[in-house]
Amino acid sequence: MLAAKNIRRLIDGVPIWSGLSFKLKPGDRLALRGPSGSGKTLLMRSLVGLDEIDGGEILYDGRSLDDWHLPDYRRRVRYIPQDASFITGTVKDSISLFFRFKANRDLQLDEYLLDSLTAQLQLPANFLEKTADRLSGGEKQIVALIRSLMLQPEVLLLDEPTSNLDESMVSNAEQLIEHWIRQDSSRSLIWTSHDTRQLDCMTNQNLHISNYG
């Protein structure tokens, strides 16, 4: 599935991580652990081609990342950053936009799935009509999760996905992701969080990135 082979990343000529390898198989839930500044977000971004590596190779389904058409790849491997960006308009506009991208034109906006996701998250009835400029940091994280799941990816890269949520919504989001991965045995995820309880509960493997600095 998703793999890294001896990858490294330099900052001002100094490796932030080097010789880093892992292989994510279907059903795997990998916790990406390490202190602040160890390059966890940098690795997540590198895995979707948003930040270049300085050596080694990233592969998906046996193909090098360089050989993938990135929009097609990013539909399968979804990166959910801590701070997502949004267009002007409503939450539903922001979600609908993804289905107008060339890589996603064979998909249609599934209204039933959208309603199901919002119901599982116990969101208010008018949530999809809220405008981006009125969303809190936590609400933006929820929208980023919803629009990624709407594309039905094979891998989720979760970078502090619930850091701005209150306790009840954290629980809802965790249950939603749990439901997503249990629905299909071919799915997998990588999760990084400062919440060690969350990592312990939601993952079953560890990658300590500080070991590769």
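Just so you know, these numbers come straight off a predicted model, no measurement behind them. (Residues numbered from 1 in each chain as written. Predicted model: local features only at pLDDT ≥ 70, side-chain atom pairs only at ≥ 80, totals over all residues. Heavy atoms only, no water.)

Enquirer: Talk me through the overall build of the protein chain; I want residue IDs and the actual numbers.
Expert: Per the secondary structure count, the protein chain includes seven helices and nine strands. Its C-alpha atoms put the protein chain at 50 × 35 × 35 Å along the principal axes. Looking at the protein chain as a whole, 49% of its 213 residues are labelled buried. The long-range fraction of contacts in the protein chain, counting pairs at least 24 apart against all pairs at least 6 apart in sequence, stands at 71%. Accessible area for the protein chain stands at about 10,600 Å²; split by element, carbon and sulfur atoms hold 45% of it. Computing the positive centroid from 25 side-chain charges and the negative centroid from 29, the protein chain places the two 3 Å apart. (Helix = DSSP H or I, 4+ residues; strand = E, 2+ residues; numbered from the N terminus. Buried < 20%, exposed > 50% of the residue type's maximum accessible area, 1.4 Å probe, protein only. Contact = heavy atoms within 4.5 Å. Areas by Shrake-Rupley, 256 points an atom, 1.4 Å probe, with all protein chains shown as cover. Lys, Arg positive; Asp, Glu negative; His and termini not counted. Charge placed at Lys NZ, Arg CZ, Asp CG, Glu CD.)

Enquirer: Can you break down the pattern of salt bridges residue by residue, with the values?
Expert: Scanning all chains against the criterion turns up 10 salt bridges. One salt bridge connects Arg197 with Glu174, and the closest N-O pair in it is separated by 2.7 Å. Highlighted residues: Arg197 in helix α7 (residues 196–202) and Glu174 in helix α6 (residues 167–183), separated in sequence by 23 residues. Take Glu174: its relative accessible area is 10%, and that puts it in the buried class. (Salt bridge = Lys/Arg side-chain N within 4 Å of Asp/Glu carboxyl O.)

Enquirer: Lay out the packing of aromatic side chains in plain terms, naming residues and giving numbers.
Expert: Counted under the stated rule, the structure contains three aromatic pairs. Residues Tyr60 and Tyr73 carry aromatic rings whose centres are separated by 5.7 Å and whose planes lie at 85° to one another, so their mutual orientation is edge-to-face. Of the two residues, Tyr60 sits in strand β4 (residues 55–60) while Tyr73 sits in helix α2 (residues 70–76), which places them 13 residues apart along the sequence. The exposure class assigned to Tyr60 is buried, which follows from its relative accessible area of 0%. (Phe/Tyr/Trp six-rings, centres within 6.5 Å; stacked < 30°, edge-to-face > 60°.)

Enquirer: Would you mind going over the side chain of Ser188 in detail, with residue names and values included?
Expert: Within the element layout of this structure, Ser188 appears in strand β8 (residues 188–192). A relative accessible area of 0% places Ser188 in the buried class. Every residue in contact with Ser188, bar those within four places of it in the chain, is listed here: Met1, Leu24, Lys25, Gly27, Asp28, Glu154, Val155, Leu156, Trp180 and Ile181.

Enquirer: A description of the sheet that holds β4 should follow, citing residues and the corresponding values.
Expert: Strand order across the open sheet formed by four strands is β2-β1-β4-β5, with antiparallel pairing between neighbours. If you trace the sheet from one side to the other, it starts and ends with β2 (14–24) and β5 (63–64), each paired once. In terms of strand pairing, strand β1 (residues 2–11) meets β2 through seven bridges, oriented antiparallel. In the strand pairing of β2, Leu2 is matched with Leu24. (Pairing = 2+ DSSP bridges.)

Enquirer: Account for the pairing of strand β3 (residues 29–33), with residues named and values stated.
Expert: Buried residues dominate β3, accounting for five of its five residues. Both faces of β3 are covered, namely the face carrying Arg29, Ala31 and Arg33 and the face carrying Leu30 and Leu32. Relative to β8, β3 is paired through three bridges, and the arrangement is parallel. Within β8, the position partnered with Leu30 by the bridge is Ile190. Bridge analysis of β3 against strand β9 (residues 205–208) gives four bridges, and the strand direction is parallel. Looking across to β9, one finds that Ala31 is bridged to Asn206.

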